[in-house]
Amino acid sequence: MDKSKPILVTGATGYIAGWIIERLLNQGYTVHATVRDPSKKNKIQHLYDLAEKSSGQIHFFKADLLQLGAFDESMKGCEVVIHTASPFVVTNYKDAVKDIIEPAVIGTENVLDSVNRTESVKRVVLTSSIASTYGDAVEILNTSNNEFDESHWNNTSNETHQPYPYSKVAAERKAWEMAEQQNRWDLVCINPALVMGPSLTANTQSGSVEVLQQFANGMTLLGVPPMWNGIVDVRDVADAHIQAAINTNAKGRYIISGGTLSLLEMGKILRQNFGNKFPFPRNQLPKSAFKLFGPLAGFSKSFVELNMGYPIYFNAQKSQQELGIQYRNIESSVVEHFQQLLDDGVVRKYI
Ligand code: NAP
């Protein structure tokens, strides 16, 4: 890696991007950071502050995923492009195609069209997701070792069933298709589990925040569904992106996961650490309850059928062996993340 060449990070205001940029700045890189609206100073102030304390530099560029050619200017002179920008919304959307799928897929194509026009680019790192390796939890039954790995693909999500996972797998497939059509740049995909751990900004509506807000706002008080998540610390995810960017041997896809927790286990960890000041769940409700009442809580019948009652696990050995990731304790990540949301006023005491 030539440190005199800038590195482009798309979606710089984001939760994960913040930590990637922190690492790059502290290693002395010049970061070209794209944001949708640079006039929103409160969304980028933390990045200016990080740059000031570091040996690196940051320059901001305005770019919307859906505006063709928007990334050309920011990419000039870059050898590496780290494409994180994509909507990660769990419930906060109206139209899945317009709000999630189009920015993810058309956005990735748009960024990679710019890469194809920019001779200096040698490597693209795409933030994909474990959601690109499976569609519904039931698919764990078809795996040979009871875990998803990089050989697995999500073939079951679509625009109406699991639209966010669909956006991730469709964007990743588009990226591999475009990478295979040329030989100047190579693609490395980072496929993180649900990301937890403190954010460097209070101004992100990442789905990671939404998940913890649901624990704090009483939505899970009566009990959580029997569901499990792969979980990983945001700083491990950032390190994986850095390794994917600078390690010339990095190749293919990398599952990034520090372990699995059920929703009930997450609730218990929160209760142990933050006491009874929040309406954290004490119980796991049976699948049969969600079959009856799920639609009232926003769970479709097929979602309940295919996703509740199946613990899921992820094999992250490739990331440990090839990127050198040593995973942090995920229970601490959940606690530290909730504490940050509390400190920043994003979640409030209930009682
Ligand atoms: P985040 O904080 O919400 O960041 C998303 C970023 O995408 C924001 O910077 C946002 O910019 C940008 N963006 C969204 N729509 C855009 C558009 N039309 N044009 C330009 N920029 C746009 O979420 P995050 O958790 O950091 O997610 C970052 C990436 O990681 C996403 O690709 C997500 O799918 C992936 N991922 C996340 C997790 C997780 O658990 N958090 C797990 C696996 C993969 P604005 O600030 O302008 O909205």
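Every value quoted in this text rests on a predicted model; they were computed, and no experiment measured them. In every chain, residue numbers begin from 1 and rise along the written sequence. Predicted model: local features are reported for residues with pLDDT of at least 70 only, side-chain atom pairs are reported and counted for 80 or more only, and whole-chain, interface and lining totals are derived from all residues. Excluded from the side-chain calculations are hydrogens and water; all other atoms, namely the structure's heavy atoms, are used.

**Q** Could you clarify how one ought to interpret the environment of Phe-299 in this entry?
**A** Per the convention used, a helix needs a DSSP run of H or I reaching at least four residues, while a strand needs a run of E reaching at least two, with both numbered from the N terminus. Structurally, Phe-299 is set in the loop between helix H9 (287–293) and helix H10 (301–307). Any two residues whose heavy atoms approach within 4.5 Å are treated as being in contact. When neighbours within four sequence positions are excluded, Phe-299 is seen to be in contact with Pro-225, Phe-290, Gly-294, Val-304 and Met-308.

**Q** What is the right way to read the packing of helix H4 (residues 96–117) against helix H5 (residues 163–180) from this model?
**A** In a pair of packed helices, the angle between the axes and the distance between the axes together describe the arrangement. Think of each axis as a best-fit line through the C-alpha atoms, taken over the contacting stretch in the case of a helix, with angles from 0 to 180 degrees between the N-to-C directions. H5 packs onto H4 with a crossing angle of 15° between their chain directions and a minimal axis gap of 9 Å. Between H4 and H5, the angle falls in the class roughly parallel. Considering only the axes of H4 and H5, their crossing is right-handed. Residue-level contacts link Ala-96, Ile-100, Ile-101, Ala-104, Val-105, Thr-108, Glu-109, Leu-112, Asp-113 and Asn-116 of H4 to Pro-163, Tyr-164, Tyr-166, Ser-167, Ala-170, Ala-171, Lys-174, Ala-175 and Met-178 of H5. Tallied by class, residues from the contact of H4 with H5 come to 13 nonpolar, 3 polar and 3 charged. An angle below 35 degrees is treated as roughly parallel, one above 145 as roughly antiparallel, one from 65 to 115 as roughly perpendicular, and anything else as oblique. In this scheme the crossing of two helices becomes right-handed for a clockwise turn of the near helix relative to the far one and left-handed for an anticlockwise turn of less than a right angle. Here the term charged refers only to Asp, Glu, Lys and Arg, the term nonpolar to Ala, Val, Leu, Ile, Met, Phe, Trp, Tyr, Cys and Pro, and the term polar to all other amino acids, Gly among them.

**Q** Explain helix H7 (residues 234–246) to me, please; I cannot follow it from the model alone.
**A** For the α-helix, the turn length of 3.6 residues means that residues three or four positions removed from each other point alike. Look at H7: 19 Å from first C-alpha to last across 13 residues, which is about the 18 Å you get at 1.5 Å a residue. Most of H7 sits inside the fold, with 10 of its 13 residues counted as buried. Between the first and last residue of a helix there are one fewer steps than residues, each counted as 1.5 Å, and that sum is the expected span. Only protein chains enter the area calculation, which uses a 1.4 Å probe; residues under 20% of their type maximum are buried, those over 50% are exposed, and those in between are partly exposed.

**Q** Even after reading the chapter, I still don't get the state of the cysteines, so can you show me in this structure?
**A** Each disulfide is one covalent bond, formed between the sulfur atoms of two cysteines. Disulfide assignment relies on a single distance test, namely cysteine sulfur atoms paired within 2.5 Å. As enumerated under the stated definition, the model contains 0 disulfides in all. Cysteine Cys-78 shares no disulfide, and the gap to the nearest cysteine sulfur, in Cys-189, comes to 19 Å. Judged by relative accessible area, which is 0%, Cys-78 ranks as buried. Classification of Cys-189 by relative accessible area gives buried; the value is 0%.

**Q** Can you walk me through the nonpolar core in this structure?
**A** Note on soluble globular proteins: their nonpolar side chains tend to be buried together. Residues belong to one nonpolar core when they are buried, are Ala, Val, Leu, Ile, Met, Phe, Trp, Tyr or Cys, and are joined through side-chain atoms within 4.5 Å. Judged by nonpolar contacts, the single largest core of 53 residues is most densely connected at Leu-24, Ile-58, Ile-82 and Ile-256. Residue contributions to this core peak at 8 residues, all from helix H1 (residues 15–26). The contact partners of Ile-58, leaving out residues within four places of it in the chain, are Ile-21, Leu-25, Val-31, Ala-33, Leu-47 and Ala-51. With 29 residues, the next largest nonpolar core counts Leu-261, Ile-269, Phe-280 and Val-334 among its residues.

Nothing here speaks to function; it is all geometry.
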